[in-house]
Structures are given as structure tokens and as C-alpha cells.
Amino acid sequence: MRIIRIISVLTLFIAIATLNVEAQCKTFAKSECLPKLNPYTHDGNYHAAVLVEGEEAELYKTFYSDMDYRLAIVGESKLQHVEFKILDENKNIIYSNKDNNYAETWDFKLENSKQLKLVVKVPQFSKPGDTPVSGCVAIMFGFKLKK
Amino acid sequence: MNKKHRIGTGILTVIILCMILLSGCGSGGSDKTQKTQKNAAAVGQPKDNTQAIQDIKQAEKIFNALPSPLESAMLMKSAGAKFDRKFLNPVDNAKNYTTQSSQALNLGIFTCDLSFASLYDQTQLIIDYMNAAKKMADGLGILDAINQSTIDELEENINNTEVIMKIVSETFLNSNSYLADNDQPAIASIVLVGGWMEGLYIATQIVDEKDFNGNKLVGRIIDQKLSIDVLQNLLNSNKENPAIEALIIQMNKLKTVFDKITIKTKPIKTEIDKTTNTTILKSEVTTDMSLATFKELTSVVAEIRGTFVK
């Protein structure tokens, strides 16, 4: 009986904590990442995740030749930096923000439509033995018609 | 095993599950992180913290991003498509959608129609389609994605396309972030599929076959081949949902037609426009779609979309 009670309380705690973290991630994405797209129009899609130091996320998306795009990737300040790379279908690196002082945005346009791969990574910065830090990372796309 | 040890094992298992759960903050995408969670839960064995952390690090989150309804509508407009309301799903149909999957599909469809109407200054239709999208969002239990203040703001800015697009973008963000945060990635995927299919349906219907060669809109339709595998991956990552299973079959049929279209690309070269600090991705691409394939695609898209809006 006691075990069931303990597990029930902890399960409830997990559910509340998970929803809370996810709601915080959504709020973070809207308050910190969305404004970085200005003056581009946000496409309306939502991509955000809690990443731990050393963890990677990937995103696949088609980009069209008629548009100018802005990519914004913002992580919570406790993550220090968020690295991202853009790769083509042959895994060639098209852009890396590491070479651009960990810029949070990248403006680009294409001569022809392409599917690109985005790799986002939270670099490891804690000392060995320390608890790895985790935090929300939001990925958003803005567009406008090519001038 | 004594009682104390059993209690300790139970608590440790729950703590590990808690840590793993906290690492995931969802959005529509296939997700190796989720697989890690399932594996840990399935094994049911307590692990030490180091192992749990290692599991998290090895996990990888994958997002399969389809064009949003707003982006699809924008692409049609930029390709010179003319507005015709007969291709939109009539708002009166909204009352027919009572199941979760039909509401999700038509939330995407009505949002695409709303975006299309917005870009062509169809003032009354904008309000009507926003209300239809609201009905679908309400049916799905998406709280406050579209509320009365959204409709009021829309009415106040009905002649300002830029503000309307911002409102449409915000409402769509509210809907899909709500679904992602409430652990409903399958429903979020269905919404995206509905929106993407509606864009493809309108585009294929608008093309005049007499004006097929060199038609910019045909080019945009060909481009959708680039998204079909993303769409399939998105659905496969949520295939335990029965509604998704049916969509997978329909999308496989669509893929067989897209497979008849050829797209050949050469490696990308980049150039930076220093005045705008914009990277230009240059590459040669050759595409080919016959009129017969276009007709087949139009027919298959109409057939599938017909099952969505019935």
C-alpha cells in the first residue's frame, strides 16, 4: 500500500513537472525566439525541445526558391551556446553558426528549392562529474517573398 | 528481495523515468528520445544515474517540418495563382467534422484556406475561415488558440494583410504548440498533413493544363516531391495512432505518383550578399514532370482530399 502511495505521488509530481517544463518551453519559444524573426513572417510551426549538454536534434525541411528565409535558434541562457549547422542532401556543410560567433539567426535564400537538414547541438561545458545542464532550445522559421 | 530494497527500487525507477521524461519537450517529429524512454520503461530495471544520463545524451530528437499552411498559401500566391473560392473547403462543412482526426485534418485545411483568403484580401472569407478553424480547434480541446479577441483583432485589421498574416501565424503556432505540449504529436501531424494537402489540392486545381509548360505553379507542385519523405517520416513516427495508419496508406499512394517526377540537383555553392548579410544558396536543378503524371497527381490528390473534407 505504501509503495503504491509513494508511486502515485511521484507519478503525479512527474506529470505536473513535465507539463510545467513543456509549458515553460513554449513560453520561452514565443518570448525569446519568435521576436528574432522580425521583420520576417513566422511560418506558424513550432519546434522546441529540452536538450541536455552534448545532445543533438535534427530537423528536415524543404525551402523554396521564391522566399527569403530567416532561421532563428535560441537556447536558454544556462546552455551558454547552441551550435547549429545546415547540411545539403550530400551532408556537405552549407553553414555553421560556430564560424559566426554562435549567431542565433541566419538569413538565406535559394536559387532553386531544396530540402536541407539542420543539426542543432548543445555543446558540453560542465566539468566531468557535474550534473549536465539542460534547457529549452527553440527553432523557428520566418519568410518573406523574394524581392 | 527484502521490502526495503523493493521500495528503493521502485522509487529509483520512478526517479529515472522522471529524469528521462523531463528531457523531452515535444513538437511534431519522430523522436529517438521517445524510443529511449520506451526502452527504459519496457526494461523496467533500475539504472544508476550515470546510465540514465548517458541514455539521454545518446538520444536524438528529429523534427520533420512540413510547409505550414501559411507558407503553402504564400508559395501559391508567389507563383501567380489566381484566387478562386470554389477550390476551398466550404465553411458550412465544419459542422460535419466530429471525430478527432477529421477535426485535426480540417484545422489544417481551414487554416490553409484562411491563409489563401488572407493573401487575396477576401475580407468576409477571412472571418468565416477563422471561425471555421476556431470550431476545429475548440473541438480538439485546444484552449484559447483562437478566441474572441483573435476574431475582434482580425475584424479591426481586416484590410491589413501583414497584420492578418501575423494573426494567422500566431493562431497556428498556438494550436500546434498546444498539441505538442500536451503530448498529442499524432494530432499535430494530422493538422500539418491537412494543411499541406489542401495547398497541394488548390495548386493542382488552379493549374490550367493548356498553360502547363513553363508554368511557375507547376514548378511549386514539383517542389512538393521534396517534402513527401518528410511527410512519410512524420507519419511513421506516430503510426501507433489508427488515423495515422490510414493516412500512411494514402500518402504511400501519393508517393508512387511523386516518384514519377524527376529532380536532379548539383551541389550547392554559397555566396554572401554583404549588403543584406544574406547567404545565397546556388545550385543547378533540373526537373521533369509529364502532363500525364500531372493529371495523375491531380486526380490522386483530389481523391485523398475528398476523403478529408467529406
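Residues numbered from 1 in each chain as written. Chains lettered and ligands numbered in written order. Predicted model: local features only at pLDDT ≥ 70, side-chain atom pairs only at ≥ 80, totals over all residues.

**Quick look at the environment of L87 of chain A**
Residue and element names in this part refer to chain A.
Piece 1. If you trace the backbone, L87 turns up in strand β5 (residues 83-87).
Piece 2. The sequence separation of L87 and Q115 amounts to 28 residues, and the corresponding C-alpha distance is 9.3 Å.
Piece 3. Those residues in contact with L87 that lie beyond four places of it in its chain are N92, I93, I94, L116, K117 and V119. (Helix = DSSP H or I, 4+ residues; strand = E, 2+ residues; numbered from the N terminus. Contact = placed C-beta atoms within 7 Å.)

**A few points about the nonpolar core**
Piece 1. Judged by nonpolar contacts, the single largest core of 122 residues is most densely connected at V137 and A138 of chain A together with A133 of chain B.
Piece 2. The biggest single contributor to this core is helix α9 (residues 185-206) of chain B, with 13 residues. (Core = buried A, V, L, I, M, F, W, Y, C linked by C-beta atoms within 7 Å. Buried ≥ 20, exposed ≤ 12 C-beta atoms within 10 Å, placed from the backbone.)

**Thoughts on the pairing of strand β7 (residues 105-110) of chain A**
Look at any regular strand and the pattern is simple: side chains alternate between the two faces of the sheet.
Piece 1. Pairing analysis gives 5 bridges linking strand β4 (residues 67-75) of chain A to β7 of chain A, with the strands arranged antiparallel. Bridge pairing links R70 of chain A to D107 of chain A in β7 of chain A.
Piece 2. Relative to strand β4 (residues 278-282) of chain B, β7 of chain A runs parallel, the two being bridged by 3 bridges. In the sheet register, L110 of chain A faces β4 of chain B, and the bridge partner there is L281 of chain B. (Pairing = 2+ DSSP bridges.)

**Observations regarding helix α13 (residues 291-309) of chain B**
All names here are of chain B.
Piece 1. The terminal C-alpha atoms of α13 lie 26 Å apart, and with 19 residues this matches the ideal 27 Å at 1.5 Å per residue to within 8%.
Piece 2. For α13, the complete set of buried residues consists of F294, L297, V301, R305, F308 and V309. When α13 is viewed along its axis, its buried side chains cluster within an angular range of 90 degrees and face the same direction. Exposed side chains of α13 directed beyond 90 degrees from the buried face belong to A292, S299, E303, G306 and T307.
Piece 3. Of the surrounding elements, those touching the buried residues of α13 are α5 (100-119), α9, α10 (216-223) and α12 (242-258). (Expected span 1.5 Å × (residues − 1). Arc of directions from axis to C-beta.)

**Observations concerning the confidence of the model for chain B**
Atomic detail in the predicted coordinates should be set aside for any region of low pLDDT.
Residue and element names in this part refer to chain B.
Piece 1. Within chain B, residue pLDDT values average 85, and 81% of them lie at 70 or more.
Piece 2. Within chain B, no element has a lower average pLDDT than helix α2 (residues 32-43), which sits at 36, and none a higher one than α13, at 98.
Piece 3. Below a pLDDT of 50 lies the segment residues 14-59, which in the model reaches 96 contacts outside its immediate sequence neighbourhood of four places, other chains included.
Piece 4. Both scores are given for the predicted complex: the pTM is 0.84, the ipTM 0.85. (pLDDT = per-residue confidence, 0-100.)

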